[in-house]
Amino acid sequence: MAAGCSDDEGGGEGGATTSGSTSSSSSSSGGGQGGGQGGSQGGAGGTGGSGVCAPQPLDNFTPTWTPPDPLYQERCTDAQVDDLIDACFGGSDATCTAAKAAAADCWDCMVSDFTDSTWGAIFDGTDELGFRDRNWQGCVAHAEGDLSDSGCGAKVAAERQCRWASCAGCLPVSSANFTEDVAAFNACGTASEQTLRPCESYADDLAACLAQLDVDHCSWGNESWQSLAKRYGKLFCAADPNGAGGAGGAGGAGGAGGN
């Protein structure tokens, strides 16, 4: 199972590798926040998904917004987050199964299905996109303090979804040819921005709102995808390191806060 396509700061899907049902990857995103297609640019051709991997016009595109779960839900310890990410995004099926059995509630807190009504730290878009990724839009929404469909987090979602839709023929990327498929998707996105430009207004809106926010903690820096996923897992599901108290688990009352 592929994990860790990054499409935030550089706009493109970041370079990644995959092996078997679990995988690790590293970012190669570049360029300014909210910009055009960046990351690992591949060749001009290639096919992915069920169609031709080439940009398409978007006459009837409408983005959707999936709000984030609360932060610091205190459903994981830091060690549980580390163990789950190492086992399920770098280990074998057997190690992942064992880790999830040992920390089932923590896994449920961290990983959301793509079609869920809210997203936790990581969304599983394996069927729809061919990969899992961290909930960048949710992190930005929390940073702004606006979880509505008009906030900056929703603008992240709109810009991402527009690029996915314009190059839908490149998706889902396959685990067997993950790096090549991601490169083909990036090339499609570059061609789309240079010719049809269907996502220009979404990209402009996103760049404008990100310029007003401090979202460095949401960004994929010079780190492995596992390290990024651990940061997100602890942000959403572990205890607040500053002692502010958590949001509680499902139906929970939340933490009492530190002294």
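How each quantity is defined
- For every chain, the first residue of the written sequence is number 1, and numbering continues from 1 along that sequence.
- It should be noted that, the model being predicted, local features are given only for residues of pLDDT at least 70 and side-chain atom pairs only at 80 or more, the latter also being counted only at that level, while totals for whole chains, interfaces and linings use all residues.
- Calculation of side-chain values draws on the structure's entire complement of heavy atoms; hydrogens and water are dropped beforehand.
- Elements are defined by DSSP. Helices are runs of H or I of four residues or more, strands are runs of E of two residues or more, and each kind is numbered from the N terminus.
- Whether a residue is buried, partly exposed or exposed follows from its accessible area with a 1.4 Å probe, protein chains only, as a fraction of its type maximum: under 20%, in between, or over 50%, in that order.
- Working rule for contacts: check all heavy atoms of both residues, and any pair within 4.5 Å makes them a contact.
- Note on method: axes are straight lines fitted to C-alpha atoms, helices fitted across the in-contact stretch only, with angles between N-to-C directions ranging 0 to 180 degrees.
- The sense of a crossing depends on the near helix, which, turned anticlockwise from the far helix by less than a right angle, makes the crossing left-handed and, turned clockwise, makes it right-handed.
- Note on residue categories: nonpolar means Ala, Val, Leu, Ile, Met, Phe, Trp, Tyr, Cys or Pro, charged means Asp, Glu, Lys or Arg, and polar means any other residue, Gly included.
- Expected helix span is computed as 1.5 Å times (number of residues minus one).
- For this analysis, a nonpolar core means a set of buried residues of the types Ala, Val, Leu, Ile, Met, Phe, Trp, Tyr and Cys, connected via side-chain atoms within 4.5 Å.
- The term polar contact refers here to a pair of N or O atoms within 3.5 Å; inside protein, the definition further demands a hydrogen-donor-capable atom paired with an acceptor-capable atom, and it admits residues adjacent in sequence only when both atoms are side-chain atoms.
- The term disulfide is used for any two cysteine sulfur atoms that are within 2.5 Å.

(A) The overall build of the chain, seen in detail. A count of helices and strands for the chain gives 8 helices and 3 strands. From first element to last, N terminus to C terminus, the chain shows the α and β order α-α-α-β-β-β-α-α-α-α-α. Taken over 259 residues, the chain has a buried fraction of 48%. Contacts in the chain between residues far apart in sequence, at least 24 positions, make up 70% of those at least 6 positions apart.

(B) Seen up close, the packing of helix α1 (residues 78-88) against helix α8 (residues 225-237). Between α1 and α8, the least distance of the axes is 9 Å, while the angle of their chain directions is 145°. Crossing of α1 against α8: the hand is right-handed. Packed against α1, whose contacting residues are D78, V81, D82, I85 and D86, the element α8 presents Q226, A229, K230, G233 and K234 at the interface. Here the contact of α1 with α8 is composed, by residue class, of 3 nonpolar, 2 polar and 5 charged.

(C) Summary view of helix α5 (residues 152-166). Between its first and last C-alpha, α5 extends 21 Å over 15 residues, near the 21 Å set by a 1.5 Å rise per residue. The element α5 is extensively covered by neighbouring structure, given that 13 of its 15 residues are classed as buried.

(D) Representation of the nonpolar core in the model. Counting residues in hydrophobic clusters, the biggest one holds 36 residues, and the most contacted among them are M110, I122, W136, L210 and Y232. At the level of elements, α1, α2 (93-102), α3 (104-110), α4 (136-144), α5, α7 (200-210) and α8 are the ones that each hand at least two residues to this core. Looking at this core element by element, the count peaks at 7 residues for α8. Core analysis: the second largest hydrophobic core is formed by 15 residues, W119, F123, L129 and W164 among them.

(E) Highlighting the environment of D124. When you line up the elements, D124 lands in strand β2 (residues 122-125). On the basis of relative accessible area, D124 is assigned to the buried category, the value being 16%. Expressed as a C-alpha distance, the spacing of D124 and D113, which sit 11 residues apart in the sequence, is 4.9 Å. Among the polar contacts made by the side chain of D124, one reaches the side chain of T126 at a distance of 2.4 Å.

(F) Structural context of the state of the cysteines. Evaluation of the coordinates by the stated rule reveals 8 disulfides. Disulfide partner of C76: C106, at an S-S distance of 2.0 Å. As the torsion about the S-S bond is roughly 110°, the C76-C106 disulfide counts as right-handed. Note that C76 is positioned in the segment before α1 and C106 in helix α3, a separation of 30 residues in sequence.

These values are about where atoms sit, not about what they do.
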